[in-house]
Amino acid sequence: MRTYFAVLVIGSLLVGVFAVQPEPGPMRASKQQPDPSKKTLLVIHGGAGVLTEQEMKAEGLVRSDFEQALARALAAGHEAVKDKGRTSVNAVEAAIRVMEDSGLFNAGRGAAFNSDGRVELDAAIMEGNMTGQGEGKRDPRKRAGAVTGVAHIKNPISAARAVMEMDGSRHVMLAGDGAETFALGEAVSRRYRIERVSNLYFWSDRRLRHIREEFKKEGAAGGKKSASAATPDHGGSAERRFGTVGAVAVDTDGHLAAGTSTGGLTNKLPGRIGDSPVIGAGTYADDRACGVSCTGTGEVFMRHAVAHDVVARMLYAKNSVADAARATIDALPDEEGGVGGLIALDREGRHTFALSKKSAGMYRGFVTADGQILVAIYAAERPRPINLAPKRQDAKSKGR
Ligand code: ASP
């Protein structure tokens, strides 16, 4: 009998020590992934504003349109990083280009309108590399590039990369006409596959409907600005506000990269710049900690230097990536419909999604080293495995 009790007591102690802690919530963190084939190589988001399934229907879309777009982006990114010698920057750029071209997210082709009916896009990319030595701008550590307010560049993420890799790391951020002149120059555009498009390329029925609804709301409010950018608590669908895309990847050398691309907020004032292209606000990477890409009310993310805050919590407070992300988001002032969220990935291949309490979801997913793709949309969901369907009709004709 004594032995029986001893076994029982020791047994329960062991269970207490080794039991896998239940995940605190589906948006908190993935489990530790000791199996190298299960480590995350790439994590992405398509914005922290999601449509309900009814809203998708009203837009001529279904859930699997978003899931497949995410899966295609993850597959492209995985292909770009899975083998030795490939870089995390390639993966981030490849995944974001797919999302920019999909027309489903508020980035690239699906970008939201300004209050003047034009589209202006922002993007940034950053390397977490901390090795090497150089002087001043030529120091190879933590290179970054960004473009803001571009109106004729099909894939702003590639323009951001071109800025990052500019000879001698001359500049980090270029705006408007200057950014376009640089990115569309013959040598740069060829090397980075940057295409010039008319601003009409970004026009879609869907975004036109959104801006009209915003104008109607403004009219009903007696002409008072209800611009999403100006009054975050306007009560409109979060989807109309947040649809930015982002990606964070780690390569076989353990180098991280993060990138973000956006059309900004619907009905934003011409010239407004959000957090996405601002290094440390919407985008950041540091190999000693993690890479981060954010989505949400850019003004709040800038004021709280959100992407850098996650890295700082890991470096100085020794937080795990999941705890650092959660604490950073919890420290933000929330707003109706949610203030947004972020994705982060550390060099061990542990990723996390963190979303503000009032957010309904975030288009998101990740791919493991062995190529398994998992995606999720709504806040309470866990990412689930998904197979890539043969490409049917894309968003050019669907919901546009
Ligand atoms: N953060 C973006 C911005 O403020 C918007 C988004 O995430 O959709 O420009």
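1. Overview of the overall build of the protein
Now for step 1: Counting secondary structure elements, the protein contains twelve helices and 13 strands.
Now for step 2: Evaluated residue by residue, the protein yields a buried proportion of 57% over its 400 residues.
Now for step 3: In the protein, 71% of the contacts between residues at least 6 apart in sequence involve partners at least 24 apart.
Now for step 4: For the protein, the exposed surface amounts to about 16,600 Å²; the carbon and sulfur share of it is 55%.

2. Quick look at the site of the ligand
Now for step 1: In the neighbourhood of the ligand, 13 residues make up the surrounding shell, with Thr244, Arg272, Asp275, Thr295 and Gly296 lying closest.
Now for step 2: For the ligand, an oxygen atom lies 2.8 Å from a polar atom in the backbone of Gly243.
Now for step 3: A distance of 2.7 Å separates an oxygen atom of the ligand from a polar atom in the side chain of Thr244.
Now for step 4: Here the ligand, which alone exposes 270 Å², has 100% of that area covered by the protein.
Now for step 5: Partitioning the shell around the ligand into residue classes produces two nonpolar, eight polar and three charged.

3. Side note on the sheet that holds strand 11 (residues 361-368)
Now for step 1: As summarised here, the arrangement of the nine strands in space is 4-3-2-6-5-1-11-12-13, forming an open sheet in which the pairing is mixed. With one partner strand each, in any of the chains shown, strand 4 (173-175) and strand 13 (384-385) form the two edges of the open sheet.
Now for step 2: Bridge analysis of strand 1 (residues 40-45) against strand 5 (residues 245-250) gives four bridges, and the strand direction is antiparallel. What sits directly across from Ile44, in strand 5, is Ala247.
Now for step 3: Its contacts with the sheet put helix 4 (residues 88-102) on strand 1, strand 2 (121-127), strand 5 and strand 6 (256-262), and the angle it makes with strand 5 is roughly 155°.

4. Some words on helix 3 (residues 63-81)
Now for step 1: Over its 19 residues, helix 3 runs 27 Å from end to end, which matches the ideal 27 Å to within 8%, given 1.5 Å per residue.
Now for step 2: Of all the 19 residues making up helix 3, 14 are buried; the element is thus mostly covered by neighbouring parts of the structure.

5. Topic: the pairing of strand 5
Now for step 1: In terms of burial, strand 5 is largely enclosed, as six of its six residues are buried.
Now for step 2: The alternating pattern of strand 5 places Val245, Ala247 and Ala249 and Gly246, Val248 and Val250 on opposite faces, both of which are buried.
Now for step 3: Taking the residues that link successive antiparallel strands as the turn, the strand 5-strand 6 hairpin has five residues, and the phi of Gly254 there is positive, at about 80°.

6. Some remarks on the nonpolar core
Now for step 1: Ile44, Phe66, Phe105, Val292, Leu342 and Tyr363 are the most contacted members of the largest nonpolar core, which has 102 residues in total.
Now for step 2: Examining the composition of this core, we find that eight residues originate from one element, helix 3, more than from any other.
Now for step 3: Those residues in contact with Leu342 that sit more than four places away from it in its chain are Val292, Ser293, Cys294, Val306, Val310, Ala325, Ile329, Thr352, Phe353, Ala354 and Met362.

7. Focus: unusual backbone geometry
Now for step 1: Even without glycine at this site, Ser169 takes up a positive phi of about 45°.
Now for step 2: Following the sequence through the fold, Ser169 ends up in the loop between helix 5 (156-164) and strand 4.
Now for step 3: By relative accessible area, which is 16% here, Ser169 ends up buried.
Now for step 4: For Lys318, which is not glycine, the phi torsion reads 60° and is therefore positive.
Now for step 5: Tracing the sequence through the fold places Lys318 in the loop between helix 11 (306-316) and helix 12 (321-330).

8. Quick look at helix 12
Now for step 1: Where burial is concerned, most of helix 12 is hidden: seven out of the ten residues are buried.
Now for step 2: Among all positions of helix 12, only Val321, Ala322, Ala324, Ala325, Arg326, Thr328 and Ile329 are buried.
Now for step 3: Along its buried surface, helix 12 packs onto strand 8 (290-296), helix 10 (298-303), helix 11, strand 9 (340-346) and strand 10 (351-355).

9. Quick word on the sheet that holds strand 8
Now for step 1: Read across the open sheet, the four strands follow the order 7-8-9-10; overall the sheet is antiparallel. The open sheet has two edge strands with one neighbour each: strand 7 (283-285) and strand 10. Direction aside, neighbouring strands of the sheet carry axes that sit 10° apart on average.
Now for step 2: As paired elements, strand 9 and strand 10 share five bridges and run antiparallel to each other. The partner of Ala344 across the bridge, within strand 10, is Thr352.
Now for step 3: Contacting strand 7, strand 8 and strand 9, helix 11 runs over the sheet at an angle of about 145° to strand 8.
Now for step 4: Along the sheet, helix 12 contacts strand 8, strand 9 and strand 10; its crossing angle with strand 10, the most-contacted strand, is approximately 15°.

10. Points about the confidence of the model for the protein
Now for step 1: Residues of the protein with pLDDT of at least 70 account for 83%, and the chain-wide mean is 87.
Now for step 2: Here residues 1-26 is modelled with pLDDT under 50, and outside its nearest four sequence neighbours on either side it reaches ten contacts, counting other chains as well.
Now for step 3: Note on residues 226-236: pLDDT is under 50 here. Beyond four places in sequence and across chains, it has 30 contacts.

Scoring rules and cut-offs
All chains use their own residue numbering, which begins from 1 and follows the written sequence. Totals for whole chains, interfaces and linings use all residues, but because this is a predicted model, local features are given only for residues with pLDDT of at least 70 and pairs of side-chain atoms are given and counted only at 80 or more. Hydrogens and water are ignored here; the side-chain numbers use all heavy atoms of the structure. Here a helix means four or more residues in a row that DSSP labels H or I, a strand means two or more in a row labelled E, and each is numbered from the N terminus. Classification of residues uses two cut-offs on accessible area relative to the type maximum, computed with a 1.4 Å probe and protein chains only: under 20% is buried, over 50% is exposed, and between them is partly exposed. Throughout, a contact is declared for two residues whenever any of their heavy atoms are within 4.5 Å. Residue burial considers only the protein chains on display, and all accessible areas are found by Shrake-Rupley using a 1.4 Å probe. We call a residue near a given molecule or strand whenever any one of its heavy atoms falls within 4 Å of it. Think of a polar contact as two N or O atoms within 3.5 Å of one another; within protein, one of them needs to be a possible hydrogen donor and the other a possible acceptor, and neighboring residues in sequence only count if both atoms come from side chains. Residue polarity is assigned by list, with Asp, Glu, Lys and Arg as charged and Ala, Val, Leu, Ile, Met, Phe, Trp, Tyr, Cys and Pro as nonpolar; anything else, Gly included, falls into the polar class. When DSSP finds at least two bridges between two strands, those strands are taken to pair. In this description, a line fitted to the C-alpha atoms serves as the axis of each element, helices being fitted only across the stretch in contact, and the angle between N-to-C directions of two axes falls anywhere from 0 to 180 degrees. Under the convention used throughout, the expected extent of a helix is 1.5 Å for every residue step, that is, one less than its residue count. Nonpolar cores were defined as sets of buried Ala, Val, Leu, Ile, Met, Phe, Trp, Tyr and Cys residues, with membership established by side-chain atoms within 4.5 Å. Note on scores: pLDDT gives the predictor's confidence for each residue, bounded by 0 and 100.

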